[in-house]
Each structure stands twice: as C-alpha cells, then as structure tokens.
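Below, each chain spelled out in residue letters.
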Amino acid sequence: MKQISIFIFSLMICTNCFGQQYSKSWKDLDYGGDEKVYHKMDIYLPQTEKPTYPVVVVIYGSAWFSNNLKETVLSSLGKPLLDAGFAIVTPNHRSSTEDAKFPAQINDIKAVIRFIRANAAKYQIDTSFVGITGFSSGGHLASLAGASGGVKRYTVGSATLDIEGNVGQYTSYSSAVNAVVDWFGPIAISVMDSCKRSKDAYSPEAILIGGPIEENLDKCALANPITYIDANDPPFLILHGDADPLVPLCQSELFFNALQKANVPGQFVIVPGGQHGPGLFDEKYYKMMTDFFLKEANITAVTHEVNNSPLNVSVSQNYPNPFNPVTAITFVLPAKLFVTLVIYDSLGREVSKLVYEELPAGTYTREWNAEGLSSGTYFARLQAGSYIETKKIILVK
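J.: I'm lost on the state of the cysteines in this one. Help?
T.: Covalent bonding between the sulfur atoms of two cysteines defines a disulfide. The final tally for this structure, using the stated rule, is 1 disulfide. With a sulfur-sulfur separation of 2.1 Å, cysteine 195 is cross-linked through a disulfide to cysteine 250. One disulfide, between cysteine 195 and cysteine 250, carries an S-S torsion of 95° and so falls in the right-handed class. Highlighted residues: cysteine 195 in the loop between β8 (179–183) and α5 (204–209) and cysteine 250 in helix α7 (residues 249–261), separated in sequence by 55 residues. The same class applies to cysteine 195 as to cysteine 250, namely buried. The closest cysteine sulfur to the non-disulfide-bonded cysteine 220 is located on cysteine 195, 14 Å from its own sulfur.

In structure tokens:
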C-alpha cells in the first residue's frame, strides 16, 4: 500500500483550500448512465459570464487505483483553467484494483468527451475546442485520449481491445480532442524501470493490465499512447520534472520524440529539480498550460499581466509561412538562457543552426534563408534552458 499512498498523496493537494472561483456548477452528472460513482463527473463554469465556454477535461492521478477523486483536481489544475476562461470537466473513472482492468479507464474518459459534445447546449459548452489534461496516471489517460482519436478496436500481436468502448448513451458522438497537456504521465508502461525494463507484478501498471508485464506485452502496447500516434493528432504540451521519483523523465522523452517523428506539433518542458508534482504545480507552469490551451483555442486570456515582462519562453510561427526563400522566426525569453534554434528537414537532418548562444531576456527575431534547398516541410526547434518547442515550416519554390 505504500506505493499507492505515494502516488495519490505525493501531490499534497488541498481540496478545502479552493475558494469558489466558478459561476455555476453541476455535480455528479451520470455520464455512464448506470449511477455508479466511477461514472460521475462535475462541470464548472468560469466567473466571467459568456453564452458558452471552451472546455478542458481534467483527470486526476491515482496510479489508476481510485474511482472517486474528481474533486481533487479543482484546486490544482482546475483553478488556473477557470481563471483563464475555460469550463472544466472533472470526471471519475473506473479503478484498476476494484472495478475493471484496461481499457475500462480510457473507455470512461472517451465517454466523458462524448457526453460533453452531446450535451453542450445544456451546459454552455463550446465544443469547437475540447482540451484535455491530467497528471500522473491522469496524464497517461489524457495522452491516450489525444493520440487515439478515431480509434475503435485495435490489434497488437495477439491482443485486440476496444479502445473507444460503448460507455453511456452517446456513442455516435466523437471522442476526439483539440489539444493535450500531459503532466508527467507514464507512457510506455512495459518499461517503467528507467525505460529499460518492466517493474514487478505488483506495480500499478501490471495491476492496470491485469497480469505480469512480461506476459502481457501486446496489451501494454495497446495502453501506450505512442502506438496510436499519427500526423493528424492534436498538439501536445508535456511537462515533467527531472527528479521525478515515480515516473522517470525518459517516459516523456520517449513520447515527445515519437510525436516529433510523426510531425505532431508539440512542446516539452523539463522542470529542473521537479518531482512528482512538487516543483511543477506552481503559477509558472500553470500559466504554460493555460497559455497553450488559449493559443490552441485561438482566444484571448481573460486576465492580463500588468507588467510587460514575459513570464515564460515562447516562440511564434515563422512569417511568412509558406515562404520562398526567406522567413523569420521570433521568440521571447523571460530571463538569460542558453538558446539553440535549429532547422531540420523531414528526415530529421540538421540543415541550419540559427542560434547557439546565451541570450539575455527579451524578444528576438532570426531570419532563415533557404536558398539552395528544395521545397518541402522543415522543422524549427527552439530550446531555451529546459523549454523545447518545434514549429513546422513550409518552403515552396
């Protein structure tokens, strides 16, 4: 039980410290249609009054062990999202220890998304943007929902599973999402020990799958978001501490590399000294999450900073895009950082290095002249300190 307690309580979330920051709420909505506690969800609307709101689904972490922790995310990830103008949905899902094995958990999350789409008008939801986020095992489920959009039954080796599922009454609706923020979620559960080997048969991931990892590798692959990645996936923001004692940083590195290989837009933020929650759950990284969702939803933040200094690294899409043969890339630094800005071709080969130096805080623009290169898709990768972001750029001659 010690490992279970660490997963659930290491984040030290104070569920009673959250003052009411929402204008309206609906509690214990039955998205599964069976009155089970694990099929209940809450909806909260921001204080700013609008006819409808873009929405983000927020999934708790529990090592997939708990079926009733939806209220715990309100005071952590929920509050900054509400403050930024998003409606939030906080669902329960089935427990791997008490209720059902995988894929029940992702079936539940997909049912939540379908419920939102089917009942959007009733709950003032604008389903033109549906985001999803979660921490730890919730990050895994958020990432899996993002990568497996449109997937029904799927086979790896000798294992076939229904990833979509048929929970609830709204099975004709889409469970796709528009953007994902993954907070230190496990990804490749077959290699949770330093991303080289599996853990024992009593590990959370073995309990999720329903048996020893080495005897269920095909099923582990079906629980791995990397299995489903393709170029049509939504953009991802991944945040992970380099001192995480429970989910090794290499899990997010594997995931980000797979996203880049498939040309999926993504950002990867490595938090120096960050652990499994501590060091990540503060205003700086909450703002990265809300800025990312606001950008992908193409809306303006509800609140604005009173000073003009940037709070985090950002990089703009190159302009013009498509271009021939010169384009400009602008990025913003909040402090002095060592920066690299490198252009790669579609095969991952470096073709140009625009920046490789330490720069003070400020806004910078660098031009890239692609004279002599063939038309096609290229990628501009900015790394500033632990922040990494890649932009797709198109050369047309």
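J.: Mind showing me how you'd approach the side chain of serine 148 here?
T.: Note on placement: serine 148 falls in the loop between α4 (137–147) and β6 (153–156). Taking the relative accessible area as the measure of exposure, serine 148 reaches 0% and is therefore buried. Apart from residues no more than four positions distant in its own chain, serine 148 is found in contact with Lys110, Ile163 and Tyr228.

J.: I'm lost on the sheet that holds strand β12 (residues 326–333) in this one. Help?
T.: Hydrogen bonding along the main chain pairs the strands of a sheet, whether they run parallel or antiparallel. Spatially, the 3 strands line up as an open sheet ordered β11-β12-β15, and their pairing is antiparallel. With one partner strand each, in any of the chains shown, β11 (314–315) and β15 (362–369) form the two edges of the open sheet. Bridge count between β11 and β12: 2 bridges; the pairing is antiparallel. Counterpart to serine 314 in the pairing with β12 is valine 332.

J.: Help me understand the pairing of β6 in this model?
T.: It is a general feature of regular strands that their side chains alternate between the two faces of the sheet. In the sheet, β6 pairs with strand β7 (residues 159–162) via 4 bridges, with the strands oriented antiparallel. Bridge pairing links arginine 153 to aspartate 162 in β7. Counted between consecutive antiparallel strands, the loop separating β6 from β7 contains 2 residues, among which glycine 157 sits at a positive phi close to 60°.

J.: Which parts of the structure should I look at to understand the packing of aromatic side chains?
T.: When we look at a pair of aromatic rings, we describe it by the centre distance and by the angle of the planes. Within this structure, the stated rule accounts for 21 aromatic pairs. Considering the side-chain rings of phenylalanine 256 and phenylalanine 268, the 5.4 Å spacing of their centres and the 40° angle between planes classify their relative orientation as tilted. Of this pair, phenylalanine 256 sits in helix α7 while phenylalanine 268 is found in strand β10 (residues 266–271), placing the two residues 12 residues apart along the sequence. Neither residue differs from the other here; phenylalanine 256 and phenylalanine 268 are each classed as buried. For the ring pair phenylalanine 281 and tyrosine 286, a centre distance of 5.9 Å and an interplane angle of 40° mean the geometry is tilted.

J.: Even after reading the chapter, I still don't get the nonpolar core, so can you show me in this structure?
T.: The nonpolar side chains of a soluble globular protein tend to be buried with one another. Core analysis: the largest hydrophobic core is formed by 62 residues, its most contacted members being Met41, Phe102 and Ile132. It is helix α3 (residues 104–118) that contributes the most residues to this core, 7 residues altogether. Setting aside anything within four residues of it in sequence, one finds isoleucine 132 in contact with Val56, Val57, Ile59, Ile109, Ile113, Ala142, Ala145, Val177, Ala179, Val180, Val181 and Phe293. Counting residues in hydrophobic clusters, the runner-up holds 56 residues, among them Val73, Val181, Val269 and Leu294.

J.: Where do I start with the pattern of salt bridges in this structure?
T.: Two side chains that carry opposite charge are able to pair once their charged atoms sit near each other. Inspection of the entire model under this criterion finds 13 salt bridges. The residue lysine 40 makes a salt bridge to glutamate 35 at a minimum N-O spacing of 3.7 Å. Residue glutamate 389 is joined to lysine 295 by a salt bridge in which the shortest nitrogen-to-oxygen separation is 3.5 Å. Here lysine 295 lies in helix α8 (residues 283–297) and glutamate 389 lies in strand β17 (residues 387–395), a separation of 94 residues in the sequence. Glutamate 389 sits in the buried class, given a relative accessible area of 4%.

J.: Please explain unusual backbone geometry as it appears in this structure.
T.: A negative phi angle is the norm for most residues apart from glycine, just as the trans form is the norm for most peptide bonds. Between asparagine 321 and proline 322 the backbone carries a cis peptide bond, its omega angle lying at 5°. For proline 322, the location among the structural elements is in the loop between β11 and β12. With omega at -15°, the peptide bond leading from asparagine 324 into proline 325 counts as cis. Backbone geometry places aspartate 28, a non-glycine residue, at a positive phi of 55°. With respect to the helices and strands, the residue aspartate 28 is situated in strand β1 (residues 22–30). The phi dihedral of alanine 63 falls on the positive side, at around 60°, and the residue is not glycine. In this fold, alanine 63 is placed in the loop between β3 (53–59) and α2 (74–83).

J.: It is not clear to me how the pairing of strand β5 (residues 125–135) should be interpreted in this structure. Could you clarify?
T.: When you tally the buried positions in β5, you get 8 out of 11 residues, the bulk of the element. In the sheet, β3 pairs with β5 via 6 bridges, with the strands oriented parallel. Paired with isoleucine 59 across the two strands is glycine 134, which belongs to β5.

J.: Teacher, can you tell me more about the sheet that holds strand β13 (residues 337–345) here?
T.: Pairing within the open sheet is mixed, and its 12 strands lie in the order β1-β2-β4-β3-β5-β8-β9-β10-β17-β16-β13-β14. Unpaired on one side and paired on the other, β1 and β14 (350–359) mark the two borders of the sheet. Averaged over all pairs of adjacent strands, the angle between their axes in this sheet comes to 15°, without regard to strand direction. With 3 bridges connecting them, β10 and β17 associate as antiparallel partners. Within the sheet, the bridge partner assigned to glutamine 267 lies in β17 and is glutamate 389. The sheet contacts of α7 involve β8, β9 (236–241), β10, β16 (376–384) and β17, and relative to β9 the element is tilted by about 160°. Contacts from α8 reach β3, β5, β8, β9, β10 and β17, with the element oriented near 165° to β8.

Thresholds applied
Residues numbered from 1 in each chain as written. Predicted model: local features only at pLDDT ≥ 70, side-chain atom pairs only at ≥ 80, totals over all residues. Heavy atoms only, no water. Disulfide = S-S within 2.5 Å. Helix = DSSP H or I, 4+ residues; strand = E, 2+ residues; numbered from the N terminus. Buried < 20%, exposed > 50% of the residue type's maximum accessible area, 1.4 Å probe, protein only. Contact = heavy atoms within 4.5 Å. Pairing = 2+ DSSP bridges. Phe/Tyr/Trp six-rings, centres within 6.5 Å; stacked < 30°, edge-to-face > 60°. Core = buried A, V, L, I, M, F, W, Y, C linked by side-chain atoms within 4.5 Å. Salt bridge = Lys/Arg side-chain N within 4 Å of Asp/Glu carboxyl O. Axes fitted to C-alpha atoms, helices over the stretch in contact; angles between N-to-C directions.

Keep in mind these numbers describe shape, not what the thing actually does.
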